[in-house]
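Fold and contact review
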Amino acid sequence: MSLSTMKIISFLVFIVLACWTQSLAQDLESSPESQAVLDDQATGIFRALVPVVKKASAGTVEVRVWRKRVSYGTIVGPEMVLTKWSEVSRDLRSLSCRTGAGEWLPAVVSGVYPDADLAVVKVAGLEVDPVIFGGEKDLRPGSFLCLARPDGEAAGMGVVSVMPRSLRSSDRAFLGVAMDLEFKGPGVLVRRVELGTGAERSGLMASDVILEVTGKKVNGSFELSTLLQRLEPGQKVKIRYARGEEEREIEVELGGRPRAPRIPYSRMEQMNNMGGHRYNEVRDGFSRVLQSDMQIAPEDCGAPVVDLEGRVVGVAIARAGRIKTFIIPSSAIEQTLALEPAPPEAQLSKAGRIPLPEVRGPEADPFEAMRRRLEEMRRLMEEIEEGGE
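Residues numbered from 1 in each chain as written. Predicted model: local features only at pLDDT ≥ 70, side-chain atom pairs only at ≥ 80, totals over all residues. Heavy atoms only, no water.

Observations concerning helix α6 (residues 221–229)
Selection rule: When accessible area is computed with a 1.4 Å probe and restricted to protein chains, residues below 20% of their type maximum are described as buried, those above 50% as exposed, and intermediate ones as partly exposed. Under the DSSP-based scheme used, a helix requires at least four consecutive residues in state H or I and a strand at least two consecutive residues in state E, with every element numbered from the N terminus. Directions pointing from the helix axis toward each C-beta atom define the arc. Contact between two residues is taken to exist if any of their heavy atoms lie within 4.5 Å; hydrogens are not considered.
Of the residues making up α6, those classed as buried are Leu224, Leu227 and Leu228. Projected onto a plane normal to the axis of α6, the buried residues spread over an arc of 100° and lie on a single side. Set apart from the buried face of α6 by more than 90 degrees, the exposed residues are Phe222 and Gln229. Contact partners of the buried residues in α6: β9 (173–174), β10 (177–179), β11 (188–193), β12 (209–213) and β13 (216–217).

Description of the sheet that holds strand β20 (residues 324–329)
The line we're drawing: Pairing between strands is defined by DSSP: at least two bridges between the two strands are required. Axis angles are defined between N-to-C directions and span 0 to 180 degrees, where every axis is a line fitted to C-alpha atoms and, for a helix, only to the segment in contact.
Taken together, the six strands give a closed barrel; going around it, the order is β7-β8-β17-β20-β19-β18, and neighbouring strands pair in antiparallel fashion. In this sheet, adjacent strand axes meet at a mean angle of 45° when their direction is disregarded. As defined by bridge partners, strand β19 (residues 312–321) adjoins β20 across six bridges and the pair is classed as antiparallel. Note on β20: the bridge partner recorded for Ala318 is Phe326. Taken strand by strand, helix α3 (residues 50–57) contacts β7 (144–148), β8 (154–165), β18 (304–306) and β19, and its axis lies near 50° from that of β7. Against the sheet, helix α8 (residues 330–337) engages β19 and β20, with an angle of about 55° to β20.

Some details on the sheet that holds strand β6 (residues 118–123)
In spatial order, the strands read β1-β2-β3-β6-β5-β4; together these six strands close into a barrel with antiparallel pairing. Strand-to-strand twist in this sheet, taken as the mean axis angle between neighbours without regard to direction, amounts to 40°. In this sheet, β6 lies alongside strand β3 (residues 80–84) in antiparallel orientation, the contact comprising five bridges. Of the residues in β6, the one forming a bridge with Lys84 is Leu118. Set on the sheet, α8 makes contact with β2 (68–77), β3, β5 (104–113) and β6; between it and β3 the angle comes to about 115°.

Concerning the environment of Glu200
Of note, Glu200 is situated in helix α5 (residues 198–202). Taking C-alpha positions, Glu200 is 9.0 Å from Val252, a pair spaced 52 residues apart along the chain. In this structure, Glu200 is in contact with Val193, Glu194 and Leu195, ignoring residues within four places of it in sequence.

Some thoughts on the nonpolar core
Defined as follows: The nonpolar core is taken to be a set of buried Ala, Val, Leu, Ile, Met, Phe, Trp, Tyr and Cys residues, with the residues joined through side-chain atoms within 4.5 Å.
Ranked by internal contacts, the top residues of the largest apolar core, which has 33 residues, are Leu49, Leu118, Cys146, Ile317 and Ile328. Put simply, the parts of the chain that give this core at least two residues each are α3, β6, β7, β8, β19, β20 and α8. It is β19 that contributes the most residues to this core, five residues altogether.

Points about the pairing of β12
Within β12, four of the five residues are buried, leaving the element largely enclosed by the surrounding structure. In the sheet, β11 pairs with β12 via two bridges, with the strands oriented antiparallel. Paired with Val188 across the strands is Ile210, a residue of β12. Pairing of β12 with β13 involves two bridges; the strand directions are antiparallel. Its bridge partner being in β13, Glu212 is matched across the sheet by Lys217. Between the antiparallel neighbours β12 and β13 lie two residues, among them Thr214 with a positive phi of about 50°.

Concerning the pattern of salt bridges
Stated formally: Any carboxyl oxygen of Asp or Glu that lies within 4 Å of a side-chain nitrogen of Lys or Arg is treated as forming a salt bridge with it.
Taken as a whole and judged by the stated rule, the model has 18 salt bridges. Notably, a salt bridge pairs Asp115 with Arg168, separated by 3.8 Å at the nearest N-O pair. A residue pair is termed long-range when its members are at least 10 positions apart, and Asp115 in the loop between β5 and β6 and Arg168 in the loop between β8 and β9 qualify at 53 residues. A residue is classified by how much of its surface remains accessible, and Arg168, at 28% relative accessible area, is partly exposed. The partner of Glu194 in a salt bridge is Arg192, and the shortest N-O contact between them spans 2.7 Å. By relative accessible area, Glu194 is classed as partly exposed at 25%. Counted as one network, the salt bridges with shared partners bring together Lys137, Asp138, Asp307 and Arg311.

Put into C-alpha coordinates, the structure is as follows:
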(Lines give C-alpha, C1' and ligand atoms only; values in the text may rest on other atoms or scores of the structure.)
Protein backbone atom coordinates (compact mmCIF):
# COMPACT_ATOMS: atom_id res chain seq x y z
CA MET A 1 0.00 0.00 0.00
CA SER A 2 1.45 3.39 -1.04
CA LEU A 3 2.02 6.22 1.37
CA SER A 4 -0.53 8.41 -0.42
CA THR A 5 -3.17 5.69 -0.13
CA MET A 6 -2.45 5.31 3.57
CA LYS A 7 -2.82 9.06 4.03
CA ILE A 8 -6.18 9.04 2.29
CA ILE A 9 -7.45 6.13 4.39
CA SER A 10 -6.23 7.77 7.58
CA PHE A 11 -7.90 10.97 6.55
CA LEU A 12 -11.20 9.21 5.87
CA VAL A 13 -11.08 7.48 9.26
CA PHE A 14 -10.37 10.83 10.89
CA ILE A 15 -13.33 12.45 9.11
CA VAL A 16 -15.70 9.62 10.05
CA LEU A 17 -14.65 9.65 13.71
CA ALA A 18 -14.81 13.42 13.92
CA CYS A 19 -18.28 13.55 12.35
CA TRP A 20 -19.47 10.72 14.62
CA THR A 21 -18.26 12.43 17.78
CA GLN A 22 -19.80 15.71 16.66
CA SER A 23 -23.14 13.98 16.02
CA LEU A 24 -22.91 12.28 19.43
CA ALA A 25 -22.13 15.55 21.16
CA GLN A 26 -25.16 17.19 19.58
CA ASP A 27 -27.34 14.59 21.27
CA LEU A 28 -25.92 15.48 24.68
CA GLU A 29 -26.74 18.48 26.78
CA SER A 30 -24.93 21.50 25.35
CA SER A 31 -22.27 23.13 27.50
CA PRO A 32 -19.34 25.52 26.99
CA GLU A 33 -16.93 22.63 27.47
CA SER A 34 -18.55 20.40 24.86
CA GLN A 35 -18.80 23.33 22.44
CA ALA A 36 -15.07 23.97 22.88
CA VAL A 37 -14.36 20.33 22.04
CA LEU A 38 -16.48 20.56 18.91
CA ASP A 39 -14.73 23.77 17.86
CA ASP A 40 -11.33 22.11 18.25
CA GLN A 41 -12.49 19.12 16.19
CA ALA A 42 -13.83 21.37 13.45
CA THR A 43 -10.55 23.29 13.35
CA GLY A 44 -8.62 20.04 13.00
CA ILE A 45 -10.85 18.80 10.20
CA PHE A 46 -10.57 22.00 8.17
CA ARG A 47 -6.80 22.07 8.73
CA ALA A 48 -6.60 18.53 7.32
CA LEU A 49 -8.55 19.67 4.24
CA VAL A 50 -5.98 22.31 3.25
CA PRO A 51 -4.01 19.96 0.92
CA VAL A 52 -7.27 18.82 -0.69
CA VAL A 53 -8.48 22.32 -1.63
CA LYS A 54 -5.07 23.88 -2.34
CA LYS A 55 -5.16 23.68 -6.14
CA ALA A 56 -8.81 24.73 -6.48
CA SER A 57 -8.32 27.59 -4.01
CA ALA A 58 -5.75 29.11 -6.37
CA GLY A 59 -8.55 29.41 -8.96
CA THR A 60 -11.01 31.11 -6.60
CA VAL A 61 -11.66 34.79 -5.85
CA GLU A 62 -13.88 36.82 -3.55
CA VAL A 63 -16.59 38.78 -5.36
CA ARG A 64 -17.52 42.02 -3.62
CA VAL A 65 -20.11 44.77 -3.93
CA TRP A 66 -18.99 47.97 -2.23
CA ARG A 67 -16.17 45.93 -0.66
CA LYS A 68 -18.67 43.57 0.98
CA ARG A 69 -18.32 39.97 -0.10
CA VAL A 70 -21.51 38.73 -1.73
CA SER A 71 -20.14 35.52 -3.26
CA TYR A 72 -17.07 33.63 -4.35
CA GLY A 73 -16.04 33.24 -7.97
CA THR A 74 -14.46 30.38 -9.90
CA ILE A 75 -11.84 31.32 -12.48
CA VAL A 76 -12.81 29.63 -15.77
CA GLY A 77 -10.66 31.47 -18.33
CA PRO A 78 -8.27 34.39 -18.90
CA GLU A 79 -9.59 37.29 -16.76
CA MET A 80 -12.89 35.37 -16.62
CA VAL A 81 -14.73 34.46 -13.41
CA LEU A 82 -18.00 32.57 -12.93
CA THR A 83 -20.18 33.54 -9.95
CA LYS A 84 -23.79 33.66 -8.71
CA TRP A 85 -25.76 36.24 -10.69
CA SER A 86 -28.55 36.97 -8.19
CA GLU A 87 -25.98 37.99 -5.58
CA VAL A 88 -23.79 40.28 -7.73
CA SER A 89 -26.75 41.92 -9.48
CA ARG A 90 -27.48 44.03 -6.38
CA ASP A 91 -25.21 46.81 -7.67
CA LEU A 92 -23.14 46.23 -10.78
CA ARG A 93 -21.47 49.66 -10.55
CA SER A 94 -19.39 48.74 -7.50
CA LEU A 95 -18.19 45.25 -8.38
CA SER A 96 -14.67 44.10 -7.56
CA CYS A 97 -12.74 40.90 -6.93
CA ARG A 98 -10.07 40.04 -4.40
CA THR A 99 -7.62 37.23 -4.96
CA GLY A 100 -6.24 34.87 -2.36
CA ALA A 101 -3.07 36.99 -2.37
CA GLY A 102 -5.13 40.01 -1.28
CA GLU A 103 -5.00 41.84 -4.63
CA TRP A 104 -8.05 44.02 -5.40
CA LEU A 105 -9.16 44.12 -9.04
CA PRO A 106 -12.04 45.96 -10.77
CA ALA A 107 -14.70 43.69 -12.25
CA VAL A 108 -17.62 44.00 -14.63
CA VAL A 109 -20.37 41.50 -15.53
CA SER A 110 -20.01 40.66 -19.21
CA GLY A 111 -22.76 38.05 -19.53
CA VAL A 112 -25.44 36.09 -17.69
CA TYR A 113 -26.75 32.54 -17.82
CA PRO A 114 -30.12 33.24 -16.15
CA ASP A 115 -31.37 29.64 -16.11
CA ALA A 116 -28.34 28.64 -14.03
CA ASP A 117 -28.21 31.91 -12.04
CA LEU A 118 -24.61 32.33 -13.18
CA ALA A 119 -22.77 35.49 -14.19
CA VAL A 120 -19.60 35.78 -16.25
CA VAL A 121 -17.38 38.46 -14.72
CA LYS A 122 -14.53 40.14 -16.59
CA VAL A 123 -11.67 40.90 -14.19
CA ALA A 124 -8.98 43.04 -15.80
CA GLY A 125 -5.46 42.16 -14.67
CA LEU A 126 -6.38 38.77 -13.22
CA GLU A 127 -3.37 36.59 -13.95
CA VAL A 128 -4.37 33.25 -12.47
CA ASP A 129 -4.79 29.91 -14.22
CA PRO A 130 -8.40 28.69 -14.50
CA VAL A 131 -9.60 25.66 -12.58
CA ILE A 132 -9.76 22.30 -14.34
CA PHE A 133 -13.11 20.53 -14.05
CA GLY A 134 -13.29 16.75 -13.70
CA GLY A 135 -14.04 13.80 -11.45
CA GLU A 136 -17.81 14.16 -11.55
CA LYS A 137 -18.29 10.69 -13.10
CA ASP A 138 -16.76 9.09 -10.01
CA LEU A 139 -19.24 10.65 -7.58
CA ARG A 140 -21.71 8.44 -5.77
CA PRO A 141 -24.18 9.06 -2.94
CA GLY A 142 -21.99 9.49 0.13
CA SER A 143 -18.95 10.79 -1.80
CA PHE A 144 -17.01 13.37 0.20
CA LEU A 145 -17.10 17.02 -0.98
CA CYS A 146 -15.68 20.29 0.24
CA LEU A 147 -15.76 23.89 -0.90
CA ALA A 148 -12.55 25.83 -1.64
CA ARG A 149 -11.90 29.39 -0.45
CA PRO A 150 -9.38 31.79 -2.05
CA ASP A 151 -7.23 31.78 1.11
CA GLY A 152 -6.48 28.08 0.77
CA GLU A 153 -8.97 26.95 3.40
CA ALA A 154 -12.19 24.93 3.06
CA ALA A 155 -15.44 26.85 3.59
CA GLY A 156 -17.61 23.77 4.06
CA MET A 157 -17.68 20.00 3.77
CA GLY A 158 -20.25 17.28 3.36
CA VAL A 159 -21.26 14.35 1.19
CA VAL A 160 -23.33 13.83 -1.95
CA SER A 161 -26.88 13.22 -0.76
CA VAL A 162 -28.72 13.24 -4.13
CA MET A 163 -27.19 12.62 -7.55
CA PRO A 164 -27.69 15.17 -10.39
CA ARG A 165 -31.31 15.92 -11.18
CA SER A 166 -33.51 18.70 -12.54
CA LEU A 167 -35.31 21.13 -10.23
CA ARG A 168 -37.32 22.75 -13.02
CA SER A 169 -41.07 22.72 -12.61
CA SER A 170 -41.43 21.88 -16.30
CA ASP A 171 -39.47 18.67 -15.69
CA ARG A 172 -42.01 17.46 -13.12
CA ALA A 173 -45.09 15.51 -14.16
CA PHE A 174 -48.39 17.43 -14.28
CA LEU A 175 -51.78 15.77 -14.70
CA GLY A 176 -53.82 18.96 -14.98
CA VAL A 177 -56.60 18.61 -12.41
CA ALA A 178 -57.61 20.64 -9.37
CA MET A 179 -58.53 18.29 -6.54
CA ASP A 180 -61.29 18.72 -3.98
CA LEU A 181 -59.37 18.79 -0.70
CA GLU A 182 -62.51 18.19 1.37
CA PHE A 183 -63.50 14.98 -0.38
CA LYS A 184 -63.31 12.04 2.04
CA GLY A 185 -62.83 9.32 -0.56
CA PRO A 186 -62.42 6.69 -1.65
CA GLY A 187 -60.42 8.14 -4.53
CA VAL A 188 -59.72 11.75 -5.48
CA LEU A 189 -62.56 14.03 -6.57
CA VAL A 190 -61.74 16.23 -9.57
CA ARG A 191 -63.02 19.74 -8.93
CA ARG A 192 -61.71 21.28 -12.14
CA VAL A 193 -59.75 20.21 -15.23
CA GLU A 194 -57.13 22.65 -16.53
CA LEU A 195 -57.41 23.59 -20.20
CA GLY A 196 -54.76 22.32 -22.57
CA THR A 197 -53.54 19.55 -20.26
CA GLY A 198 -53.33 15.80 -20.62
CA ALA A 199 -56.31 15.42 -18.31
CA GLU A 200 -58.51 17.54 -20.58
CA ARG A 201 -57.33 15.83 -23.77
CA SER A 202 -58.06 12.40 -22.30
CA GLY A 203 -61.63 13.34 -21.42
CA LEU A 204 -61.46 13.71 -17.62
CA MET A 205 -64.16 16.03 -16.31
CA ALA A 206 -65.08 17.84 -13.12
CA SER A 207 -66.87 15.55 -10.63
CA ASP A 208 -64.97 12.47 -11.85
CA VAL A 209 -63.34 10.47 -9.04
CA ILE A 210 -59.83 9.17 -9.77
CA LEU A 211 -59.44 5.69 -8.24
CA GLU A 212 -56.14 4.34 -9.60
CA VAL A 213 -53.05 5.66 -11.41
CA THR A 214 -50.67 3.16 -13.05
CA GLY A 215 -52.50 0.38 -11.20
CA LYS A 216 -52.00 1.96 -7.77
CA LYS A 217 -55.00 3.03 -5.71
CA VAL A 218 -55.09 6.67 -4.64
CA ASN A 219 -57.14 7.91 -1.72
CA GLY A 220 -56.63 11.61 -1.20
CA SER A 221 -54.74 14.47 -2.80
CA PHE A 222 -51.52 13.67 -0.94
CA GLU A 223 -51.32 10.13 -2.33
CA LEU A 224 -52.00 11.35 -5.87
CA SER A 225 -49.43 14.14 -5.63
CA THR A 226 -46.80 11.77 -4.21
CA LEU A 227 -47.38 9.28 -6.99
CA LEU A 228 -47.11 11.97 -9.69
CA GLN A 229 -43.76 13.10 -8.27
CA ARG A 230 -42.31 9.74 -9.32
CA LEU A 231 -43.43 10.17 -12.92
CA GLU A 232 -42.05 12.29 -15.75
CA PRO A 233 -43.51 14.71 -18.33
CA GLY A 234 -44.37 12.91 -21.55
CA GLN A 235 -45.01 9.64 -19.74
CA LYS A 236 -48.32 7.92 -20.59
CA VAL A 237 -50.22 6.48 -17.62
CA LYS A 238 -53.39 4.46 -17.17
CA ILE A 239 -55.98 6.11 -14.96
CA ARG A 240 -59.07 4.36 -13.60
CA TYR A 241 -61.86 6.68 -12.49
CA ALA A 242 -65.55 6.73 -11.64
CA ARG A 243 -68.12 8.91 -13.39
CA GLY A 244 -71.36 8.56 -11.52
CA GLU A 245 -71.95 4.85 -11.00
CA GLU A 246 -69.76 3.82 -13.94
CA GLU A 247 -66.02 3.04 -13.71
CA ARG A 248 -63.83 3.82 -16.72
CA GLU A 249 -60.16 3.63 -17.73
CA ILE A 250 -58.22 6.10 -19.90
CA GLU A 251 -54.63 6.76 -20.92
CA VAL A 252 -53.22 10.21 -20.12
CA GLU A 253 -50.00 11.76 -21.37
CA LEU A 254 -48.55 13.81 -18.53
CA GLY A 255 -47.28 17.33 -19.14
CA GLY A 256 -44.80 19.57 -17.34
CA ARG A 257 -45.84 21.41 -14.23
CA PRO A 258 -46.35 25.17 -14.71
CA ARG A 259 -43.91 27.26 -12.66
CA ALA A 260 -45.49 28.37 -9.39
CA PRO A 261 -45.38 32.08 -8.47
CA ARG A 262 -42.42 32.91 -6.24
CA ILE A 263 -43.10 33.68 -2.60
CA PRO A 264 -42.65 37.42 -1.96
CA TYR A 265 -39.10 38.21 -0.85
CA SER A 266 -40.12 39.84 2.46
CA ARG A 267 -41.97 36.73 3.58
CA MET A 268 -39.13 34.54 2.34
CA GLU A 269 -36.67 36.52 4.45
CA GLN A 270 -38.85 36.14 7.56
CA MET A 271 -39.04 32.40 6.98
CA ASN A 272 -35.30 32.10 6.34
CA ASN A 273 -34.49 33.84 9.62
CA MET A 274 -36.47 31.30 11.63
CA GLY A 275 -33.99 29.15 13.52
CA GLY A 276 -31.09 31.40 12.58
CA HIS A 277 -30.51 29.81 9.16
CA ARG A 278 -29.88 31.86 6.02
CA TYR A 279 -30.56 30.62 2.51
CA ASN A 280 -30.12 32.05 -0.99
CA GLU A 281 -33.11 33.79 -2.49
CA VAL A 282 -32.60 32.00 -5.83
CA ARG A 283 -32.33 28.33 -4.92
CA ASP A 284 -34.51 26.31 -7.27
CA GLY A 285 -35.41 25.93 -10.93
CA PHE A 286 -31.94 24.66 -11.93
CA SER A 287 -31.79 22.21 -14.82
CA ARG A 288 -29.14 19.95 -13.28
CA VAL A 289 -27.70 19.99 -9.78
CA LEU A 290 -26.08 17.74 -7.22
CA GLN A 291 -27.43 17.94 -3.69
CA SER A 292 -25.15 17.83 -0.65
CA ASP A 293 -25.61 18.14 3.10
CA MET A 294 -22.74 20.65 3.09
CA GLN A 295 -23.54 23.65 5.30
CA ILE A 296 -22.30 26.89 3.75
CA ALA A 297 -23.23 30.56 3.94
CA PRO A 298 -25.31 32.03 1.07
CA GLU A 299 -22.33 34.23 0.13
CA ASP A 300 -20.13 31.12 -0.28
CA CYS A 301 -21.88 30.29 -3.57
CA GLY A 302 -19.83 30.57 -6.72
CA ALA A 303 -16.87 28.70 -5.24
CA PRO A 304 -15.51 25.47 -6.71
CA VAL A 305 -16.42 22.20 -4.98
CA VAL A 306 -13.83 19.43 -4.90
CA ASP A 307 -13.77 15.75 -4.08
CA LEU A 308 -11.31 14.05 -1.73
CA GLU A 309 -8.67 14.00 -4.46
CA GLY A 310 -8.95 17.75 -5.03
CA ARG A 311 -10.72 17.47 -8.40
CA VAL A 312 -13.19 20.27 -9.14
CA VAL A 313 -16.52 18.44 -9.54
CA GLY A 314 -18.75 21.50 -9.68
CA VAL A 315 -19.63 24.98 -8.47
CA ALA A 316 -21.80 25.72 -5.42
CA ILE A 317 -24.92 27.55 -6.61
CA ALA A 318 -27.37 27.70 -3.67
CA ARG A 319 -27.81 27.11 0.04
CA ALA A 320 -31.38 25.82 -0.03
CA GLY A 321 -31.94 24.33 3.43
CA ARG A 322 -30.28 23.61 6.74
CA ILE A 323 -28.63 20.50 5.28
CA LYS A 324 -29.30 21.16 1.60
CA THR A 325 -26.77 22.78 -0.74
CA PHE A 326 -27.07 22.61 -4.52
CA ILE A 327 -24.00 22.25 -6.75
CA ILE A 328 -23.93 22.59 -10.54
CA PRO A 329 -21.80 19.62 -11.67
CA SER A 330 -18.70 20.16 -13.79
CA SER A 331 -20.21 18.75 -16.99
CA ALA A 332 -23.16 21.14 -16.74
CA ILE A 333 -20.78 24.06 -16.13
CA GLU A 334 -18.80 23.19 -19.25
CA GLN A 335 -21.99 22.85 -21.31
CA THR A 336 -23.20 26.22 -20.04
CA LEU A 337 -19.93 27.98 -20.86
CA ALA A 338 -20.15 26.66 -24.42
CA LEU A 339 -23.31 28.76 -24.88
CA GLU A 340 -23.52 32.48 -25.58
CA PRO A 341 -24.43 34.34 -22.37
CA ALA A 342 -27.21 36.92 -22.29
CA PRO A 343 -26.41 40.63 -21.89
CA PRO A 344 -26.62 41.59 -18.20
CA GLU A 345 -28.74 44.66 -18.96
CA ALA A 346 -31.53 42.42 -20.26
CA GLN A 347 -31.59 40.52 -16.97
CA LEU A 348 -31.52 43.40 -14.50
CA SER A 349 -35.29 43.79 -14.41
CA LYS A 350 -35.55 40.11 -13.46
CA ALA A 351 -32.93 40.32 -10.73
CA GLY A 352 -34.69 42.73 -8.37
CA ARG A 353 -34.86 41.72 -4.74
CA ILE A 354 -38.68 41.89 -4.83
CA PRO A 355 -40.38 40.12 -7.76
CA LEU A 356 -42.82 42.15 -9.88
CA PRO A 357 -46.42 41.66 -8.73
CA GLU A 358 -48.37 39.14 -10.73
CA VAL A 359 -51.29 40.64 -12.65
CA ARG A 360 -54.47 38.71 -12.03
CA GLY A 361 -58.10 39.25 -12.87
CA PRO A 362 -60.95 39.09 -10.34
CA GLU A 363 -61.11 35.86 -8.35
CA ALA A 364 -63.96 34.05 -10.06
CA ASP A 365 -63.39 30.82 -8.15
CA PRO A 366 -62.94 31.04 -4.35
CA PHE A 367 -61.72 27.43 -4.30
CA GLU A 368 -58.91 28.34 -6.70
CA ALA A 369 -57.86 31.19 -4.40
CA MET A 370 -57.84 28.76 -1.47
CA ARG A 371 -55.79 26.25 -3.48
CA ARG A 372 -53.15 28.90 -4.23
CA ARG A 373 -52.98 29.90 -0.56
CA LEU A 374 -52.61 26.26 0.50
CA GLU A 375 -49.87 25.69 -2.09
CA GLU A 376 -47.96 28.71 -0.82
CA MET A 377 -48.40 27.53 2.76
CA ARG A 378 -47.17 24.06 1.82
CA ARG A 379 -43.99 25.51 0.29
CA LEU A 380 -43.39 27.63 3.37
CA MET A 381 -43.92 24.64 5.66
CA GLU A 382 -41.38 22.58 3.69
CA GLU A 383 -38.76 25.27 4.28
CA ILE A 384 -39.68 25.56 7.95
CA GLU A 385 -39.44 21.78 8.42
CA GLU A 386 -35.97 21.79 6.81
CA GLY A 387 -34.92 24.53 9.19
CA GLY A 388 -36.07 22.47 12.15
CA GLU A 389 -34.38 19.20 11.26
